[in-house]
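# Results of the structural survey
Here is how the chains run, residue by residue.
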Amino acid sequence: MLTVVLRLAAAVTVWLAAAAAAWADATPGVRIWLPEAITTTAPEIDRLFYCVLVITGIAFVLVEATLLVFLIRYRARPGRSATYTHGNSLVEIIWTVLPACLLLVLALRSQRVWARVRGTPPTPQLEVEITAEQFAWNIRYAGADGTFNTADDITTVNQLHLPVQKTVLIRLKSKDVIHSFFVPQFRMKQDAVPGLTTHVWISATKTGHYEIACAELCGLGHYRMRGYLTIETSEAFQAWLAQTLAEQQT
Ligand SMILES: [Cu+2]
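Quick caveat, the model's predicted, so the values are computed rather than measured.

Conventions and cut-offs
Residues numbered from 1 in each chain as written. Predicted model: local features only at pLDDT ≥ 70, side-chain atom pairs only at ≥ 80, totals over all residues. Pairing = 2+ DSSP bridges. Helix = DSSP H or I, 4+ residues; strand = E, 2+ residues; numbered from the N terminus. Axes fitted to C-alpha atoms, helices over the stretch in contact; angles between N-to-C directions. Buried ≥ 20, exposed ≤ 12 C-beta atoms within 10 Å, placed from the backbone. Contact = placed C-beta atoms within 7 Å. Core = buried A, V, L, I, M, F, W, Y, C linked by C-beta atoms within 7 Å. Domains from an automatic or database assignment. Nonpolar A, V, L, I, M, F, W, Y, C, P; charged D, E, K, R; others polar.

### Digging into the sheet that holds strand E10 (residues 226-232)
Note on sheets: strands pair through backbone hydrogen bonds, and any given pair is parallel or antiparallel. Across the sheet, five strands lie side by side as E4-E10-E9-E6-E7; this open sheet has mixed pairing. The open sheet has two edge strands, strand E4 (159-163) and strand E7 (188-192), and neither has a second partner. Strand after strand, the sheet turns through a mean of 25° between neighbouring axes, direction not considered. Two strands pair when backbone bridges link them, and E4 and E10 are joined in this way by five bridges, in the parallel orientation.

If you want it as structure tokens, here you go:
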């Protein structure tokens, strides 16, 4: 019985590790869990996620298997009562120190990723202001003068275009209530809070069309607060800006 449980635990552990590795490497078409990762920092976040998943998955299987083994092996049987043990200091030290070391390693690793994603942003090549309101995303580009709130600003509603391979600084604001700017492919979800300007940065690695969702229940129309994101080449982005400006001026 003991051997069967141990073999089962080993098989589940191997399967968990293989599944996590497969998910991490899967091509976008066959990805069955996380969406594509399309920024320079997204793969780091994913690696951290899978690392935590594998470690906690293995710990879960080992703990549950041990529990099962002890339940079966030391149970009460006819003519024999259940085994009672008061504890074992060595074992207790091991199961306290080992998880503590693992948590410390994970904390340090998370801190490194967090500092890169949410620390001081790198010098941006483009700045965009996104103001959330019930129930739309107002997008503003500074225009040729590089200054916001001047005559040549380019504004759109729910249409965010960004150039690929450029560092973009997003200034996130809200007009009314708390909203949350969520692009799963960026691995980014950031609250837009009234009265605050929150800065987040991304550098996209892939062109394509994606969706912006509001991830904070912000009112009756929350379900339809949806934006469209286009990541395109610098040339296509500049052409789109020029065209939008021309349309705006007519
Ligand atoms: Cu919202």
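That was the structure; now back to the text.
### Remarks on the environment of Trp137
Inspection of the secondary structure assignment puts Trp137 in strand E2 (residues 136-141). In this structure Trp137 comes out as buried when scored by C-beta crowding, with 24 C-beta atoms within 10 Å. In this structure, the C-alpha to C-alpha distance between Trp137 and Ala213, residues 76 residues apart in sequence, is 9.6 Å. Beyond its immediate stretch of four places on either side in the chain, Trp137 contacts Ile130, Ala132, Asn158, Leu160, Ile212 and Gly227.

### Focus: the nonpolar core
Grouped together as the largest cluster of nonpolar side chains are 26 residues, with contacts concentrated most on Ile38, Ile130, Ala132, Trp137, Phe181, Ile212 and Leu229. Residue-level mapping places this core at the junction of two domains, with at least three residues from each of domain 1 (2-118) and domain 2 (126-249). Contact partners of Ile38, with chain neighbours within four places excluded, come to Gln185, Phe186, Ala204, Thr205, Lys206 and Ile231.

### Concerning the domain arrangement of the protein
Considered domain by domain, the protein is made up of domain 1 (2-118) and domain 2 (126-249). A separation of 38 Å is found between the C-alpha centroids of domain 1 and domain 2. Counting from both sides, the interface comprises eight residues of domain 1 and, opposite them, 10 residues of domain 2. Split into classes, the residues belonging to the side of domain 1 that touches domain 2 amount to five nonpolar, two polar and one charged.

### Considering the environment of His209
Inspection of the secondary structure assignment puts His209 in strand E9 (residues 208-214). When the 9 C-beta atoms within 10 Å are taken as the criterion, His209 is described as exposed. Separated by 121 residues in sequence, His209 and Asn88 place their C-alpha atoms 58 Å apart. Dropping the residues within four chain positions of it, His209 is found in contact with Tyr228 and Thr230.

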